Amino acid sequence: MKEVDFLVIGSGSGLDVANAAVNRGQSVAIVEKGPLGGTCLNRGCIPSKLLLYHADVLETVERAGEFHIDADVTNVEFAEIVREVNDEVHSDSESIRQGLRSSSRHDLYEGKGQFVDERTVEIVGGEDDGTRISADTVLIAAGTRPSVPDIDGINDVNYLTSTEALQLETPPDHLVIVGGGYIAAELGHFFGTFGSEVTIIGRRPNLLPEADEEVAEAFTDRYAERFTVHTGYAATAVTESDEHMAVEAHPYEYGPDGGVLDGDAVTVTGDTLLVAAGRTPNSDTLNLDVAGVETDERGFVETDEYLRTTADGVWALGDIVGEYLLKHNANHEAQAVARNLFGETLQPVDYTAMPFAVFASPEVAGVGARESDLQEAEREYATRTYRFDQTARGSAMKAEGFLKAIIDLDGEILGCHIIGPEASNLVQEVVVAMKAGSGTVQDIRESVHIHPALSEVVQRGFSGQFTRGGTQPGHSH
């Protein structure tokens, strides 16, 4: 039995806490069943955004004619693009592995970790199969994996998840995507830009259902111009023959007791099926029951406001907690766990102004409350939308899109939602205002903005006349 002060299951953001423990002189063990670096580095944000930037470059060239520039793409080395990205990811992952292996202050155990009692973990598989490690403190940071919905015939066909899609060295002729969230949006953009015909099937009325409804509707309209989009449909059956997939989908309506299939089915055919229907927590692989760690009905690990689980001395963070399935959120939670473990007083995790971004085309980003959230809560609010092309820079770029600002009637910023170029960067000013400033429109209005830059979209979006409740006459601040 190996005994250590601190043990972490997972090598993503949990490594930040492990390093904090090492810096305080503690003995540390890291358990990882896959490549080092976690989902973000190996199967998520890093490879996807590296690939997506190539699509953005190609899209820029293809738009050159709008600016009276004659440009042609004569060759695309698609396989080389994918290989280069995956080689870079593998190199970064291996660098982390070698760093941990060579460290005298970290012990790396490669294999699946499973609890055998409250704070003892056994390694299953890999080089360290059978090893048991007991720790004073355990951190569960084991992440999630792609969800596969219950579709008739799904286990009998060769489908892709995002993990395999990021390694395809030839774009499909016709890619059928089941799912309407950010993974579907981003991979649809990537493969569509490189020549694939794309069909998307999503259950919700709009793509990106987690975005503000006005933004999601605009995004769906733009995608419907590029691709075949079936929103409000649920995939119910899939078959494969002669290297072609046939997906049957029925109209799907959400009700108070869940979704209901209603109406005539559509059948979509293509040569490749991508299932992008969300993420499933890896909690079911850890044998949590023997540790006394409870999960919710979806399988996410239950924690308190300090990220302590229901078991004494066991903490959790990141996607497996299910608060926000975002890398920057996992990093934020890692800082909170380290502060609570090694600080003098416990402090709740502050999820104020947690932003998100979708690196599709158009780009989408948001922070804070959606208008529908405020309507459901029966809160008073006011909104203002401002279009990119109303600024000099936006007009020069021939940029489509808008910013939607949401405030309360005293000028406090409640939310901001953006669709258009550089949305992920533009929203950051609003995040800082909400988190580090006074949290009011004055933070933005009174700051000098460079002219003519896209940041004027934010400045003007939070200036001028707001509409109370989104429907009533203007309410000025």
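Attention in this report is confined to the structure presented alongside it. Since the model is a prediction, treat every value here as computed from it, not as a measurement.

**Concerning helix 11 (residues 423-435)**
Then step 1. With 13 residues, helix 11 extends 18 Å between its outermost C-alpha atoms, agreeing within 8% with the 18 Å of an ideal straight helix rising 1.5 Å per residue.
Then step 2. Listing the buried residues of helix 11 in full gives Ala423, Ser424, Leu426, Val427, Val430, Val431, Ala433 and Met434.
Then step 3. At its buried positions, helix 11 is contacted by strand 18 (356-358), strand 19 (364-368), strand 22 (413-419), helix 12 (441-445) and helix 13 (455-461).

**Section: the pairing of strand 2 (residues 28-32)**
Then step 1. Counting buried positions along strand 2 yields 5 of 5 residues, so the element is predominantly enclosed.
Then step 2. The two faces of strand 2 match: Val28, Ile30 and Glu32 on one face and Ala29 and Val31 on the other face are all buried.
Then step 3. Judged from the 4 bridges that link them, strand 1 (residues 2-9) and strand 2 form a sheet pairing that is parallel. Its bridge partner being in strand 2, Ile9 is matched across the sheet by Val31.
Then step 4. Remark: the strand 1/helix 1 (residues 14-23)/strand 2 crossover connection has right-handed handedness.

**A few points about the nonpolar core**
Then step 1. Leu7, Phe115 and Ile140 are the most contacted members of the largest nonpolar core, which has 48 residues in total.
Then step 2. The set of elements that each furnish at least two residues to this core consists of strand 1, helix 1, strand 2, strand 3 (106-110), strand 5 (120-124), strand 6 (132-140), strand 17 (314-316) and helix 8 (327-342).
Then step 3. For Leu7, the contacting residues outside a window of four places in its chain are Ala29, Val31, Val121, Ile133, Ala135, Thr137, Val138 and Leu139.
Then step 4. Of all hydrophobic cores here, the second largest spans 39 residues; its members include Leu160, Ala216, Tyr223 and Val229.

**A look at the packing of helix 3 (residues 45-62) against helix 6 (residues 182-193)**
Then step 1. At their nearest, the axes of helix 3 and helix 6 sit 9 Å apart, and the two run at 50 degrees to each other. It follows that helix 3 is oblique to helix 6 by the angle criterion. In the crossing of helix 3 with helix 6, the sense of the turn from one axis to the other is left-handed. Residue-level contacts link Ser48, Lys49, Leu51, Leu52, Ala55, Asp56, Leu58, Glu59 and Glu62 of helix 3 to Glu186, His189, Phe190 and Thr193 of helix 6.
Then step 2. Per-class residue counts for the contact of helix 3 with helix 6 are 5 nonpolar, 3 polar and 5 charged.

**Concerning a negative patch on the surface**
Then step 1. On the surface, a cluster of negative charge is made up of Glu84, Asp87, Glu88 and Asp92.
Then step 2. Mapped onto the fold, Asp87 is located in helix 4 (residues 78-102).

**Digging into the sheet that holds strand 9 (residues 197-202)**
Then step 1. The strand order across the open sheet built from 4 strands is 10-9-8-15, with neighbouring strands paired in parallel fashion. Bordering the open sheet on either side are strand 10 (228-231) and strand 15 (272-275), each of which pairs with just one other strand. For this sheet, the mean angle separating the axes of adjacent strands, direction not counted, is 15 degrees.
Then step 2. Both strand 9 and strand 10 contribute to a ladder of 4 bridges, which runs parallel. By the bridge assignment, Gly202 is partnered in strand 10 with Thr231.

**Things to note about unusual backbone geometry**
Then step 1. Along the chain, Ser361 connects to Pro362 via a cis peptide bond; the corresponding omega equals 10 degrees.
Then step 2. By the secondary structure assignment, Pro362 is in the loop between strand 18 and strand 19.
Then step 3. The residue after His451, namely Pro452, is reached through a cis peptide bond having omega -5 degrees.
Then step 4. Its identity as a non-glycine residue notwithstanding, Leu208 has a phi of 50 degrees, on the positive side.
Then step 5. By the secondary structure assignment, Leu208 is in the loop between strand 9 and helix 7 (213-226).
Then step 6. Residues other than glycine seldom take positive phi values, yet Glu378 does so here, at roughly 55 degrees.
Then step 7. According to the relative accessible area criterion, Glu378 is exposed, its value standing at 74%.

Calculation rules
- Positions within a chain are numbered from 1, following the residues in the order the chain's sequence is written.
- Whole-chain, interface and lining totals are the exception, using all residues; otherwise, since this is a predicted model, local features are given only for residues with pLDDT of at least 70 and side-chain atom pairs are given and counted only at 80 or more.
- Heavy atoms from the whole structure form the basis of all side-chain values; hydrogens and water molecules are not counted.
- Runs of H or I in DSSP of at least four residues are treated as helices and runs of E of at least two as strands, each being numbered from the N terminus.
- A helix is expected to span 1.5 Å for every residue after the first.
- With a 1.4 Å probe rolled over the protein chains alone, any residue whose accessible area is under 20% of its type maximum counts as buried; one over 50% counts as exposed, and the rest are partly exposed.
- A contact between two residues is defined here by any heavy atoms of the two lying within 4.5 Å.
- Two strands qualify as a pair provided that DSSP identifies no fewer than 2 bridges between them.
- Handedness of a crossover is defined as follows: with both strands directed away from the viewer, a clockwise route from the first strand across the helix to the second makes it right-handed.
- Residue types Ala, Val, Leu, Ile, Met, Phe, Trp, Tyr and Cys, when buried and joined through side-chain atoms within 4.5 Å, form a set referred to as a nonpolar core.
- Think of each axis as a best-fit line through the C-alpha atoms, taken over the contacting stretch in the case of a helix, with angles from 0 to 180 degrees between the N-to-C directions.
- We call two directions roughly parallel when the angle between them is under 35 degrees, roughly antiparallel when it is over 145, roughly perpendicular when it lies between 65 and 115, and oblique otherwise.
- Here a crossing is called left-handed whenever its near helix is offset anticlockwise from the far helix by less than a right angle, and right-handed whenever the offset is clockwise.
- Think of it as three bins: nonpolar holds Ala, Val, Leu, Ile, Met, Phe, Trp, Tyr, Cys and Pro, charged holds Asp, Glu, Lys and Arg, and polar takes everything else, Gly as well.
- A residue counts toward a patch only above 30% relative accessible area and without a salt bridge, and it is joined to like-charged neighbours within 9 Å or, for Val, Leu, Ile, Met, Phe, Trp and Tyr, to nonpolar neighbours within 5 Å.
- Areas reported here follow the Shrake-Rupley algorithm with a probe of radius 1.4 Å; residue values treat only the protein chains shown as occluding.
- What counts as a salt bridge is simple: a side-chain nitrogen of Lys or Arg found within 4 Å of a carboxyl oxygen of Asp or Glu.
- Only four residue types enter the tally: Lys and Arg on the positive side, Asp and Glu on the negative side; His and the chain ends are excluded.
- Positions of charges follow a simple convention, taking NZ of Lys, CZ of Arg, CG of Asp or CD of Glu.

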